[in-house]
Amino acid sequence: MPKRINKKPVVYQLKVTLKNSKPPIWRRIQVASDTSLEKLHWILQSVMGWTNSHLHQFKVGREYYGEPSPDYDFDVEDERKITLAEAAPGLKKKFIYEYDLGDGWEHEVLVEKVLEPEPGVRYPFCADGLRACPPEDCGGIWGYEEFLEAIRDPKHPEHDEMLEWIGGKFDSEQFHLEYVNQELKRLK
């Protein structure tokens, strides 16, 4: 397990980028350094727009952290027992958050800044972001590219089927900062 450097909790500004997304899909969030990876999972679900419908894991160096269960076919260390500061003990440190092990949505989590907490500011919060979260179950980043191609081209053989599947419309450029921060306020 990585060693913790900071004794007093600080605030990490993280840039979370969905790997291989072109153009990039990302979020910039500020999170207390003593946040467990379990809680960070819920934060990432909220800021990215996922629905927690699949398994997840964190890859920190050569170690994997997640929700241990005898029902799973893989071993992970307990994500409740490691903090963000232990996983990424300083500036420019990074690790991977993978959501939906079948579709393989990998997110690079990079520590951009280490800040002192501001009085009166509630953490976590999302400072910025770009582009919509891909729909669940669309087949990973490559399936997402095919999905976008289909919904953007009315002559595509799967155009109507994909639009119906997604509920009639999908704007890949849309990101709602205020909504994300409302969702973060609901986290306990």
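Just above, that's the structure.
All residue numbers here refer to positions counted from 1 along the written sequence of the relevant chain. With the structure being a predicted model, the display of local features is reserved for residues of pLDDT at least 70 and the display and counting of side-chain atom pairs for 80 or more, all residues being used for whole-chain, interface and lining totals. Values shown for side chains rest on all heavy atoms present in the structure; no hydrogens or waters enter the calculation.

**Student:** I'm lost on the overall build of the protein chain in this one. Help?
**Tutor:** Each helix and strand counted, the protein chain has five helices and eight strands in total. Helix and strand assignments come from DSSP, with helices taken as H or I runs of at least 4 residues and strands as E runs of at least 2, each series counted from the N terminus. What you see in the protein chain, going N to C, is helices and strands ordered as β-β-α-β-β-β-α-β-β-β-α-α-α. Only C-alpha atoms enter the radius of gyration; for comparison, a globular chain is expected to reach 2.2 Å times N to the power 0.38, where N is the number of residues. Compactness check: the protein chain gives a C-alpha radius of gyration of 17 Å against a globular reference of 16 Å for 188 residues, within 12% of the reference. Projected onto the principal axes, the alpha-carbon positions of the protein chain cover approximately 60 × 40 × 30 Å. Partly exposed residues are those whose accessible area sits between 20% and 50% of the maximum for their type, while under 20% is buried and over 50% is exposed, using a 1.4 Å probe and protein chains only. Every one of the 188 residues in the protein chain was classed for burial, and the buried ones make up 45%. Should any heavy atoms of two residues lie within 4.5 Å, those residues are counted as being in contact. When contacts within the protein chain are restricted to residue pairs at least 6 apart in sequence, those whose partners lie at least 24 apart make up 64%. The Shrake-Rupley method, run with a 1.4 Å probe, gives the accessible areas here. Residue values count only the displayed protein chains as cover. Approximately 10700 Å² of the protein chain is accessible, and the part contributed by carbon and sulfur atoms is 48%. Here Asp and Glu are counted as negative and Lys and Arg as positive; His is not counted, and neither are the chain ends. Positions of charges follow a simple convention, taking NZ of Lys, CZ of Arg, CG of Asp or CD of Glu. Counting 26 positive and 34 negative side-chain charges, the protein chain places the averaged centre of each group 11 Å from the other.

**Student:** Would you mind going over the sheet that holds strand β7 (residues 105-115) with me for this structure?
**Tutor:** Paired through their backbone hydrogen bonds, the strands of a sheet run either parallel or antiparallel. At least two bridges found by DSSP between two strands are what make those strands a pair. Spatial strand order, β5-β4-β3-β6-β7-β1-β2-β8: eight strands in an open sheet with mixed pairing. At either margin of the open sheet sits one strand with a lone partner, and together these are β5 (77-78) and β8 (125-130). The pairing of strand β2 (residues 26-32) with β8 spans five bridges and is antiparallel. Bridging across to β8, Trp26 finds its partner in Leu130.

**Student:** Sorry, what's going on with the pattern of salt bridges here?
**Tutor:** Salt bridge, as applied in this entry: a Lys or Arg side-chain nitrogen positioned within 4 Å of an Asp or Glu carboxyl oxygen. Tallied over the entire structure, the rule returns seven salt bridges. Between Asp78 and Arg80 there is a salt bridge, with the nearest N and O atoms lying 2.6 Å from each other. Its relative accessible area of 54% is what places Arg80 among the exposed residues. The closest approach of N and O atoms between Arg131 and Glu173, which form a salt bridge, is 3.4 Å. Pair noted here: Arg131 is in the loop between β8 and α3 (140-152) and Glu173 is in the loop between α4 (159-166) and α5 (177-186), with a separation of 42 residues, a long-range link. Classification of Arg131 as buried rests on a relative accessible area of 13%. Taking the relative accessible area as the measure of exposure, Glu173 reaches 45% and is therefore partly exposed.

**Student:** Where do I start with the layout of surface pockets in this structure?
**Tutor:** Picture a little ball the size of a water molecule; that probe, rolled over the atoms, points out where space is still empty. Counted as a void, the largest pocket has a volume near 490 Å³. A cavity here means a set of points on a 1 Å grid, drawn over the protein atoms and nothing else, where a 1.4 Å probe fits but cannot get out; a pocket is an open set with protein on both sides within 12 Å along at least five of seven lines, and a residue lines either one if it has an atom within 4 Å of a point. For the largest pocket, the lining is made up of 23 residues, of which Met48, Gly49, Trp50, Cys133 and Tyr179 are closest to its centre. Contributions of two or more residues to the lining of the largest pocket are made by α1 (37-48) and α5. Here the lining of the largest pocket gets five residues from one element, more than from any other, and that element is α1. Grid points are joined across faces, edges and corners, and a volume is the space filled by probe spheres set on the points.

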